[in-house]
Protein chains: 2
Amino acid sequence: MLVRDGLVMIADTRTNAGVDDVSQYRKLRVHSGDARTIGVASAGSLSTTQAAMQMLNEGIVDEATEERETLDSVPSMFRAARLVGKALRMARTGMKSVAQGSEVNFDATLLVGGSIGVGRPHLFLVYPTGNCIECWPDTPYLQIGENKYGKPILDRALTYETDLYETLKIGLISFSSTMRSNLAVGLPLDVLAIRSGTTVPEVIYRIESDDAYFDDLNARWGEALRHAREEIPTPPYAPQPTGTAR
Amino acid sequence: MLVRDGLVMIADTRTNAGVDDVSQYRKLRVHSGDARTIGVASAGSLSTTQAAMQMLNEGIVDEATEERETLDSVPSMFRAARLVGKALRMARTGMKSVAQGSEVNFDATLLVGGSIGVGRPHLFLVYPTGNCIECWPDTPYLQIGENKYGKPILDRALTYETDLYETLKIGLISFSSTMRSNLAVGLPLDVLAIRSGTTVPEVIYRIESDDAYFDDLNARWGEALRHAREEIPTPPYAPQPTGTAR
């Protein structure tokens with residue numbers, strides 16, 4: 001989520017290769033360095049993602065300048081997203097050439113968000129093919145992975161003018177809804193928040209399964225929805241003449 | 001939705017062949033006849049669905065008895081679901097043989113619900129291949145089409161013991177959430193409700209775009225969610241020491 005106040009990134013930690021092979025992996029990696037904090041969240045192929053992250057750590061040689069680029073050397077978030085996209089494309093191509101003819105899906109999709117130097121944070125979605133789109137105020141969020149269950153609350157609640165901690169709260173409600181409907185999304189959650197105009201994280205936090213605040217948020221949200229439902233009057237739709245309607 | 005009190009079926013009326021080709025078609029057909037009311041809701045290929053419905057109207061010859069079966073002649077809801085599945089399979093196979101080599105997807109998925117004679121209503125989901133599953137009290141609903149946006153509220157709110165009109169209300173809230181997040185789902189909505197122990201509809205109703213109750217439900221739900229959000233305390237997660245976390 002990218003609002004005037006700053007950037008909030010949230011990721012869960014559950015990965016699966018089928019329901020009988022569920023593990024826990026960090027899916028939000030935070031890189032803090034020289035006047036910068038960059039978060040990279042991943043969905044899809046874990047092996048492609050890990051290979052891409054490894055390439056980023058080692059640096060990727062720019063064909064034009066022959067210099068090795070890393071997340072520490074890129075001068076802007078747009079260049080960071082492009083570099084991540086390049087790593088992702090290289091990793092996916094490498095996987096595919098090794099596993100020729102296999103039916104395995106090596107696609108991974110990434111979110112790249114953060115601040116470099118002065119100015120506002122930026123947020124990008126990097127597609128499996130390496131190209132990217134940037135988050136803009138009209139729709140102040142981007143999602144990857146299991147995005148549908150948690151989308152209605154974002155559409156209803158989040159605007160570019162939402163306060164930073166309210167944004168975090170809305171994001172947690174969105175995850176709460178998603179986790180209730182999809183077993184493949186689960187705690188712990190990793191959270192990163194960066195306030196506009198700064199390059200150090202305001203929040204880096206892991207929400208574990210015994211987190212008092214998140215438990216309370218879940219309980220309050222469920223209770224509030226129940227109450228809201230009860231407050232809505234009974235539908236007045238009466239029986240109508242029967243017959244075959246087509 | 002199938003609860004102890006009865007059956008509620010809701011369908012929207014928007015179909016599309018791409019965002020530049022959106023039309024309105026009834027997707028919930030209600031068949032009332034001899035000691036029976038049967039609702040058939042559809043998602044997916046409109047042409048396959050229409051062909052299947054046409055076959056059902058004309059009747060499908062049973063290979064064993066050589067008799068022509070229709071929704072009026074089947075002795076139970078299970079047989080109704082099987083007959084609909086047979087029609088769907090025949091329609092899809094017919095489409096595919098005509099359009100050989102084309103990339104068009106002729107899959108359609110149906111919900112078949114209703115009451116025949118005494119006893120409780122039943123609800124089935126018929127897959128594109130014609131086989132079906134039945135709704136049971138553990139998860140008292142089945143969805144087809146764009147199901148994810150509206151699923152969290154069903155998971156939270158609906159149980160087998162929910163009252164019939166409360167069930168209808170929950171279904172409408174689910175559609176309200178879905179319509180907010182997906183342009184491909186839109187008013188009017190068609191509603192069918194059958195109370196357990198009866199075979200005549202308790203409600204057959206079309207919710208048009210100027211429906212006062214549904215407008216009010218939308219407004220109240222949005223307002224209640226906003227209020228619920230505000231009542232949840234601000235996340236207490238404080239800044240943590242910076243560094244590269246992996």
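Every chain's residues receive numbers from 1 upward, in the order its sequence appears when written. Just so you know, chain letters begin at A and ligand numbers begin at 1, following the order they were written in. Side-chain atom pairs in this predicted model are given and counted only at pLDDT of 80 or more, local residue features only at pLDDT of at least 70, and totals for whole chains, interfaces and linings cover all residues. To get the side-chain values, take all heavy atoms of the structure and skip hydrogens and water.

A. Local environment of the relation of the copies chain B and chain A. Only residues with pLDDT of at least 70 in both copies count here: their C-alpha atoms drive the least-squares fit that superposes the copies. The operation relating chain B to chain A is a screw motion whose rotation component is 180°, with 0.0 Å of axial translation and a residual RMSD of 0.0 Å. What the rotation and shift describe, once combined, is the action of a two-fold rotation axis. Taking the C-alpha atom as reference, chain B places Tyr149(B) closest to the rotation axis, 2.5 Å from it. The residues that chain B uses at the interface reappear at the interface of chain A in 98% of cases, marking a shared surface. Whether two residues touch is decided by their heavy atoms; if any such pair falls within 4.5 Å, the residues are in contact.

B. Representation of the sheet that holds strand E9 (residues 108-116) of chain B. Residue and element names in this part refer to chain B. Two strands pair if DSSP finds at least two bridges between them. Only DSSP runs of H or I reaching four residues or more are called helices, and only runs of E reaching two or more are called strands; each is numbered from the N terminus. Within the open sheet, the five strands sit side by side as E5-E6-E9-E10-E11. Their pairing is antiparallel. Two strands lie at the open edges of the sheet, namely strand E5 (28-33) and strand E11 (132-134), each paired on one side alone. The mean inter-strand angle of the sheet, taken between neighbouring strand axes irrespective of direction, is 20°. Relative to strand E10 (residues 122-126), E9 runs antiparallel, the two sharing five bridges. Directly across from Gly113, in E10, lies its bridge partner Leu123. Interaxial angles span 0 to 180 degrees and are taken between N-to-C directions of axes, which are lines fitted to C-alpha atoms, for helices over the stretch in contact. Relative to E9, helix H1 (residues 46-58) is tilted by about 35°, and along the sheet it contacts E5, strand E6 (36-44) and E9. Helix-sheet contacts for helix H2 (residues 77-98) involve E6, E9, E10 and E11, and the interaxial angle to E9 is about 155°.

C. Here's a closer look at the pattern of salt bridges. Between Lys or Arg on one side and Asp or Glu on the other, a salt bridge is scored when a side-chain nitrogen of the former is within 4 Å of a carboxyl oxygen of the latter. Counted by the stated rule, this structure contains 32 salt bridges over all chains. In this structure, Lys151(B) engages Asp155(B) in a salt bridge whose closest nitrogen and oxygen atoms are separated by 2.9 Å. With Lys151(B) and Asp155(B) both in helix H3 (residues 151-157) and four residues apart, the pair spans about one turn of that helix. Owing to a relative accessible area of 17%, Lys151(B) belongs among the buried residues under this scheme. A salt bridge links Lys169(B) to Glu166(B), with the nearest nitrogen and oxygen atoms 3.2 Å apart. A residue pair is termed a helical-turn pair when its members lie 3 or 4 positions apart in one helix, as Lys169(B) and Glu166(B) do in helix H4 (residues 164-181) at three residues. For the pair formed by Lys169(B) and Glu166(B), the shared burial category is buried. Salt bridges here are not isolated pairs; linked through shared partners, they connect Asp5(A), Arg195(A) and Glu202(A). Under the scheme applied here, a residue whose accessible area is under 20% of the maximum for its type counts as buried, over 50% as exposed, and between as partly exposed, the area being computed with a 1.4 Å probe on protein chains only.

D. Looking closely at unusual backbone geometry. Note that the residue after Leu187(A), namely Pro188(A), is joined by a cis bond; omega there is -5°. Mapped onto the secondary structure, Pro188(A) falls in the loop between helix H4 (164-181) and strand E12 (189-195). One non-glycine residue with positive phi stands out, namely Ala35(B), at about 50°. If you trace the backbone, Ala35(B) turns up in the loop between E5 and E6. Residue classification places Ala35(B) among the partly exposed residues on the basis of a relative accessible area of 40%.

E. Region of interest: empty space enclosed by the protein. Points on a 1 Å grid over protein atoms alone make up a cavity when a 1.4 Å probe fits among them but cannot get out, and a pocket when they form an open set with protein on both sides within 12 Å along at least five of seven lines; lining residues each have an atom within 4 Å of a point. Grid points are joined across faces, edges and corners, and a volume is the space filled by probe spheres set on the points. For the structure on display, the rule yields one cavity of 30 Å³ or more. Counted as a void, the largest cavity has a volume near 190 Å³. In terms of lining residues, the largest cavity is bounded by 15 residues, among which Pro152(A), Ile153(A), Ser177(A), Pro152(B) and Ser177(B) are the most central. For the lining of the largest cavity, the secondary-structure elements that each account for two or more residues are helix H3 (151-157) and helix H5 (212-231) of chain A together with H3 and helix H5 (212-231) of chain B.

F. Expanded view of the environment of Gly171(B). All names here are of chain B. If you trace the backbone, Gly171 turns up in helix H4. Distance from Gly171 to Met1, taken between C-alpha atoms, is 7.8 Å for residues 170 residues apart in sequence. Once you skip the residues sitting within four places of it in the chain, Gly171 turns out to touch Met1 and Ile10.

G. Just the interface of chain B and chain A, in detail. Of the residues lining the interface, 63 residues belong to chain B; the matching set on chain A comes to 62 residues. Carbon and sulfur atoms make up 59% of the surface buried where chain B meets chain A, a total of about 5900 Å² over both sides. The term buried area means the drop in 1.4 Å probe accessible area that two parts suffer when joined, counted for both and summed. The three residues of chain B that bury the most area against chain A are Arg156(B), Arg229(B) and Tyr237(B), which together make up 16% of that side's buried surface. Joining chain B to chain A, the criterion identifies four salt bridges. Polar contacts here mean pairs of N or O atoms no more than 3.5 Å apart (in protein, one a potential hydrogen donor and the other a potential acceptor; neighbouring residues in sequence count only if both atoms are side-chain atoms). Summed over the shared surface of chain B and chain A, the result is 20 residue pairs in polar contact (both at pLDDT 80 or more). Every element with two or more residues in the side of chain B that touches chain A is listed here: E5, H1, H3, H4, strand E13 (203-207) and H5 of chain B. If you tally residues by element for the side of chain B that touches chain A, the top one is H5(B), at 14 residues.

H. Highlighting the packing of aromatic side chains. Aromatic pairs are defined between Phe, Tyr and Trp rings, using the six-membered ring for Trp, whenever the two ring centres lie within 6.5 Å; interplanar angles under 30 degrees are classed as stacked, those over 60 as edge-to-face, and all others as tilted. Going through the model one piece at a time under the given rule, you end up with six aromatic pairs over all chains. With centroids separated by 6.0 Å and ring planes inclined at 45°, the aromatic side chains of Phe78(A) and Phe124(A) adopt a geometry described as tilted. Pair noted here: Phe78(A) is in helix H2 (residues 77-98) and Phe124(A) is in strand E10 (residues 122-126), with a separation of 46 residues, a long-range link. Taking relative accessible area as the criterion, Phe78(A) reaches 44% and is therefore assigned partly exposed. Feature note: the residues Tyr205(A), Tyr213(A) and Tyr237(B) constitute an aromatic cluster, connected by ring pairs.

I. Inspection of the confidence of the model for chain A at higher detail. All names here are of chain A. What pLDDT conveys is the predictor's confidence in a given residue, as a value from 0 to 100. Across chain A, the average pLDDT comes to 91, with 97% of residues at or above 70. The low-confidence segment residues 242-246, where pLDDT is below 50, has 14 contacts with residues more than four positions distant or belonging to other chains. Scoring the predicted complex yields pTM 0.85 and, for the interface, ipTM 0.81.

J. How the structure looks around the packing of H1(B) against H2(B). Residue and element names in this part refer to chain B. At their nearest, the axes of H1 and H2 sit 8 Å apart, and the two run at 125° to each other. Relative to H2, the element H1 lies oblique. Crossing hand, H1 versus H2: right-handed. The residues of H2 that touch H1, namely those facing Ser47, Thr48, Ala51, Ala52, Met55 and Leu56, are Leu83, Val84, Ala87, Leu88, Met90, Ala91, Arg92 and Met95. Throughout this entry, Asp, Glu, Lys and Arg are counted as charged residues, while Ala, Val, Leu, Ile, Met, Phe, Trp, Tyr, Cys and Pro are counted as nonpolar. The remaining residues, Gly among them, count as polar. Tallied by class, residues from the contact of H1 with H2 come to 11 nonpolar, two polar and one charged. Any angle that falls under 35 degrees is termed roughly parallel, while one over 145 is termed roughly antiparallel, one within 65 to 115 roughly perpendicular, and all others oblique. Less than a right angle of anticlockwise turn of the near helix away from the far helix marks a crossing as left-handed, whereas a clockwise turn marks it as right-handed.

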